Amino acid sequence: MASPNFTLIIVNPSAAGGKAERIFESIKGRLREELGELIVAVSRRPEDLAGHIDSAFAAGAERLIAVGGDGTNHAVINALVNRSDEAAVSMAFGSLPVGTGSDWARGLGMPADLDTAVDWLARAQPTACDLGRAEYSDPKQGGRRVRRFFLNIASAGVSGEVDARVNRARRRTSATFLRATVATLLKYRPQPVVVDCDGERFYEGSSYLLAAANGRYFGRGMWIAPNALINDGLLDIVLVEGMPRLRILLALQTVFSGRQLSRKDVHCHRAASIRVRSEEGPLSLDLDGEEACGQDVQFTVLPGAIKILLHPAADKILKKA
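Residues numbered from 1 in each chain as written. Predicted model: local features only at pLDDT ≥ 70, side-chain atom pairs only at ≥ 80, totals over all residues. Heavy atoms only, no water.

**Brief notes about the packing of helix α2 (residues 20-35) against helix α7 (residues 114-123)**
Cut-off, in case you're wondering: Angles run from 0 to 180 degrees between N-to-C directions of axes, and those axes are lines fitted to C-alpha atoms, restricted for helices to the stretch in contact. Helix and strand definitions here come from DSSP, where helices need a minimum of 4 consecutive H or I residues and strands a minimum of 2 consecutive E residues; each element is numbered from the N-terminal end. The scheme is simple: roughly parallel for angles under 35 degrees, roughly antiparallel for over 145, roughly perpendicular for 65 to 115, oblique for anything else. A clockwise turn of the near helix away from the far one marks a right-handed crossing, whereas an anticlockwise turn of less than a right angle marks a left-handed crossing. Throughout, a residue-residue contact means that at least one pair of heavy atoms, one from each residue, lies within 4.5 Å. Any residue outside Ala, Val, Leu, Ile, Met, Phe, Trp, Tyr, Cys, Pro, Asp, Glu, Lys and Arg is labelled polar, Gly included; the first ten of those are nonpolar and the last four are charged.
Here α2 crosses α7 at 30°, and the two axes come no closer than 10 Å. Taken together, the axes of α2 and α7 are roughly parallel relative to one another. Between α2 and α7 the crossing geometry is right-handed. Here α2 contributes Ile23, Ile27, Arg30, Leu31, Glu34 and Leu35 to the contact with α7, which in turn contributes Leu114, Asp115, Val118, Asp119, Leu121 and Ala122. Taken together, the residues that form the contact of α2 with α7 break down as eight nonpolar, no polar and four charged.

Dropping the structure here:
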């Protein structure tokens with residue numbers, strides 16, 4: 001049995017175009033030097049994650065590090081939170097960004113260079129972090145109510161269609177998300193939505209996107225929620241109105257600098273609970289970069305529900321005590 005205070009590493013070998021396992025092997029020695037004893041689980045199937053987490057937690061693991069991208073984080077977080085409340089509270093979650101988007105790591109200010117990222121993790125401390133919960137009726141499951149957790153950002157609208165297009169790409173590069181976004185915007189028709197925030201009407205009309213943000217970036221570097229804080233007990237809401245296609249394409253460039261928040265056709269708010277629904281049928285959903293589809297969608301924040309590994313220099317994303 002492993003000694004206490006070790007680190008569970010979960011590697012998604014499908015991440016980074018199938019290169020994640022090889023990338024991990026190149027830095028495994030550095031990780032062991034900086035973090036101590038490691039238990040490594042290479043897992044392609046989300047349904048296997050709970051067993052790895054339960055075994056490691058029972059043996060005394062204090063840290064869990066996912067090697068992959070935002071989708072890997074999403075799968076690991078859901079396995080962690082759904083299996084054991086005690087494990088979810090006790091184990092500190094971290095990640096090594098080797099995925100296509102890696103927007104959660106970008107929002108934390110984590111270095112893209114993996115050797116430097118290992119140093120970042122070695123100095124990181126467990127920090128209480130909010131978690132998002134999405135609940136919706138899934139038409140693919142006969143309307144059954146589904147619950148999923150998100151660490152970074154969940155959204156309804158065009159972003160779910162972008163995810164689907166990205167996931168169909170045979171080869172993903174740094175430009176895949178941008179190409180997929182432009183191609184989707186050229187065809188997507190905004191749906192009419194009704195949005196309530198904390199029980200009060202926030203918006204009613206057509207919408208390209210409603211983002212409920214714990215983190216700040218999505219879509220590989222789109223700075224959708226520049227002011228989001230991961231421990232303020234609220235989700236930052238960014239809603240983009242329906243508009244002519246040319247205008248939405250021109251507006252797209254502003255999201256990389258955060259200037260979209262000053263636009264009159266972009267609405268911002270903060271709330272603990274957001275409900276979005278459309279009379280035209282299911283909405284395409286994006287949950288940490290993973291596509292879904294649902295009706296009568298509820299996004300809720302769970303304050304301080306998880307501990308993450310955070311470098312002391314990343315305090316700008318925290319609400320000051």
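**Quick notes on the nonpolar core**
Heads up, the rule is: To qualify as a nonpolar core, a set must consist of buried Ala, Val, Leu, Ile, Met, Phe, Trp, Tyr and Cys residues joined through side-chain atoms within 4.5 Å. To sort residues, take the accessible area from a 1.4 Å probe on protein chains only and compare it with the maximum for the residue type: under 20% means buried, over 50% means exposed, and anything in between is partly exposed.
Counting 56 residues, the largest nonpolar core has Leu64 and Leu96 as the members making the most contacts within it. Residues within four places of Leu64 in sequence aside, it is in contact with Leu8, Ile10, Ile53, Val76, Leu80, Met91, Ala92, Phe93 and Gly94.

**Thoughts on the packing of aromatic side chains**
Worth spelling out the cut-off: Note on aromatic contacts: the rings of Phe and Tyr and the six-membered ring of Trp form a pair at centre separations within 6.5 Å, being stacked when their planes are under 30 degrees apart, edge-to-face when over 60 apart, and tilted otherwise.
Across all of its chains, the model carries three aromatic pairs by this definition. An angle of 85° between the planes, with centres 6.1 Å apart, marks the rings of Phe150 and Phe299 as edge-to-face. Here Phe299 lies in strand β14 (residues 290-310) and Phe150 lies in strand β6 (residues 144-150), a separation of 149 residues in the sequence. Here Tyr188 and Tyr208 contribute two aromatic rings whose centre-to-centre distance is 6.0 Å and whose plane-to-plane angle is 40°, an arrangement assigned as tilted. Of this pair, Tyr188 sits in the loop between α9 (176-185) and β8 (191-197) while Tyr208 is found in strand β9 (residues 200-213), placing the two residues 20 residues apart along the sequence. By the burial criterion, Tyr188 is buried, and Tyr208 matches it.

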